[in-house]
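Coordinate analysis (summary)
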Amino acid sequence: MEIQRDLHTFLNERNGVVDTVKDFKEIKIKDLNKSFGANQVLHDFNLNVEKGEFVTLLGPSGCGKSTTLHCLAGLVPIDSGEIYIDNECIDDGTKGIPPEKRGFGLVFQNYALFPHLSVFNNIAFGLQIKRLSKNAIKEKVQNVLKMVRLEGYEDKYPRQLSGGEQQRVAIARCIVMEPMLMMLDEPLSNLDAKLRIEMRYELKTLHEKLHIASIYVTHDQQEALALSDRIVVMKDGKIQQIGPPEEIYCQPSNLFVADFMGFRNIWPANIKEISSENEVVINVSGFELTIKNGSIKKADYLNNLEIGAPVFTAVRPEDIQVGNGPVNSLRCKSEVVEYLGEIRHIGALINEDVRIDLRTGEAGEEIKSDGIIEVWIPPGKILLFSQEGDRIL
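About the criteria used
- Residues numbered from 1 in each chain as written.
- Predicted model: local features only at pLDDT ≥ 70, side-chain atom pairs only at ≥ 80, totals over all residues.
- Heavy atoms only, no water.
- Helix = DSSP H or I, 4+ residues; strand = E, 2+ residues; numbered from the N terminus.
- Contact = heavy atoms within 4.5 Å.
- Buried < 20%, exposed > 50% of the residue type's maximum accessible area, 1.4 Å probe, protein only.
- Pairing = 2+ DSSP bridges.
- Axes fitted to C-alpha atoms, helices over the stretch in contact; angles between N-to-C directions.
- Parallel < 35°, antiparallel > 145°, perpendicular 65-115°, else oblique.
- Left-handed = near helix turned anticlockwise from the far one by under 90°.
- Nonpolar A, V, L, I, M, F, W, Y, C, P; charged D, E, K, R; others polar.
- Phe/Tyr/Trp six-rings, centres within 6.5 Å; stacked < 30°, edge-to-face > 60°.
- Lys NZ or Arg CZ within 6 Å of the ring centre and 35° of its normal.
- Salt bridge = Lys/Arg side-chain N within 4 Å of Asp/Glu carboxyl O.

It is worth spelling out the environment of Phe312 at this point. Examined against the element boundaries, Phe312 turns out to sit in strand β16 (residues 310–315). Along the chain, Phe312 and Glu366 lie 54 residues apart, while their C-alpha atoms are 32 Å from each other. Once residues within four sequence positions are removed from consideration, Phe312 is found in contact with Leu255, Ile266, Trp267, Pro268, Leu383, Leu384, Phe385, Ser386 and Gln387.

Structure, rendered in structure tokens:
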């Protein structure tokens, strides 16, 4: 597809300077593929980002998150596929709009501030390249300094700032350009735990104020859940699931997503019984569990399962209850008890060979290492997956 150089109403060139028009509906990535040598990093990647939406690319290191961002920014050439702003193709792998003319902003993991420039001049750098007047630059820089709570820092240099302050300067340098899309590549990973939480709040507040379409890259599940309108879970360059945070957290589509989102109790099992009411009984290394999940994902698949068929279960640690229950009661021996403030994390064994992890509040205060505890698992809190890892219940 021929790239239209000016993107019609989206990008207008004036004396070599690009002005960004932000009245668009969506940015679309279609069938994107990228390899480095023999290693294919992205496989038919498809994603639409709407105006004002905050989308997070979430996954382990090496899954292709940052490469996706760099391809979208134009910093890395794509092998095949297309990138659109609405109906205008800006990159098809053979021709592409240069990075500086796409109207996108990128915040790097290492901040990438100019050490020899003051805070003011770091933020003003892009505006100076655009040849704005001094008064216009001063006004815009002062406005974004107020947004990121760095008023009075204009004359300081990066070496005089904390990590959180440097990150705010990097974000301010991006938003002062008023990009149609802001991309953030693990911007909080270099900060300590307390500062990450504070900066997460700042990012959320800024997005609520500015409503800039944003793509955020992280391997931190809590960041993704807290910030996102939608989350894209990735593995080995492939999208595993796209959805709002609550759906990704509560209804993982496959075993990888469940594991990555905190379902630590993943056990191989076999089907023992399937009732007419879609109630499933499974055998897990000698003990039985009853599953009755109201959300039947693949009823046809379930009906085709044979007794004895291999499956996997997944249960969140916080969904396991201490004490005797009406069903799915288990007796286990605690091995490790970790005090985490409001909760305790307990690692235990069932039948001496099946590991079970649970989190408790006050109910776990009396539990000690090497003690016997009674627990039960509500039938609706157990997820069921096929041997291939696809969600069944």
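Right, picking up where we left off after that structure.
What follows covers the pairing of strand β20 (residues 354–360). Every other side chain in a regular strand lies on the same face of the sheet, so the side chains alternate between the two faces. Buried residues dominate β20, accounting for five of its seven residues. Between strand β19 (residues 344–350) and β20, which follow one another and run antiparallel, lie three residues, and Asn351 among them has a positive phi close to 55 degrees.

Below, the discussion takes up the sheet that holds strand β13 (residues 265–274). The strand order across the open sheet formed by five strands is β15-β14-β13-β16-β22, and the pairing between neighbours is antiparallel. What marks the edges here is a single partner per strand, and that holds for β15 (287–291) and β22 (383–386). Averaged over neighbouring strand pairs, the angle between their axes works out to 40 degrees when direction is ignored. Bridge count for β13 against strand β14 (residues 280–284) is four bridges, and the pairing is antiparallel. When the sheet's bridge partners are listed, Asn270 is paired in β14 with Asn283.

Attention shifts here to the packing of helix α2 (residues 119–129) against helix α4 (residues 163–175). In the contact formed by α2 and α4, the axes pass within 7 Å of each other and the chain directions differ by 30 degrees. Of the possible angle classes, the one that applies to α2 and α4 is roughly parallel. The handedness of the crossing between α2 and α4 is right-handed. Of the residues in α4, those in contact with Val119, Asn122 and Ile123 of α2 are Val169, Ala172 and Arg173. Class assignment for the residues of the contact of α2 with α4 results in four nonpolar, one polar and one charged.

This part covers the side chain of Thr313. Position of Thr313 among the secondary structure elements: in strand β16. The class for Thr313 is buried, based on a relative accessible area of 0%. Apart from the residues within four sequence positions on either side, Thr313 is in contact with Asn265, Ile266, Trp267, Ala269, Ile282, Ile382, Leu383 and Leu384.

For the rest of this paragraph, the subject is the packing of aromatic side chains. The final tally for this structure, using the stated rule, is four aromatic pairs. Look at Phe256 and Phe260: their rings are 5.9 Å apart centre to centre, the planes differ by 15 degrees, and that puts the pair in the stacked class. Taken together, the residues Phe256 and Phe260, both in helix α8 (residues 255–260) and four residues apart, mark about one turn of the helix. Note that Lys28 overlies the ring of Tyr84, its terminal NZ or CZ placed 5.2 Å from the centroid.

It is worth spelling out the pattern of salt bridges at this point. Considering all chains together, one arrives at 14 salt bridges under this definition. Across the pair Glu288 and Lys272 runs a salt bridge, and its minimum N-O distance is 2.0 Å. With Glu288 in strand β15 and Lys272 in strand β13, the pair connects residues that are 16 residues apart, well separated along the chain. We note a salt bridge from Arg355 to Asp357, for which the minimum N-O separation is 3.0 Å. By relative accessible area, which is 36% here, Arg355 ends up partly exposed. Residues participating in the shared-partner salt-bridge network are Arg264, Glu335, Arg355 and Asp357.

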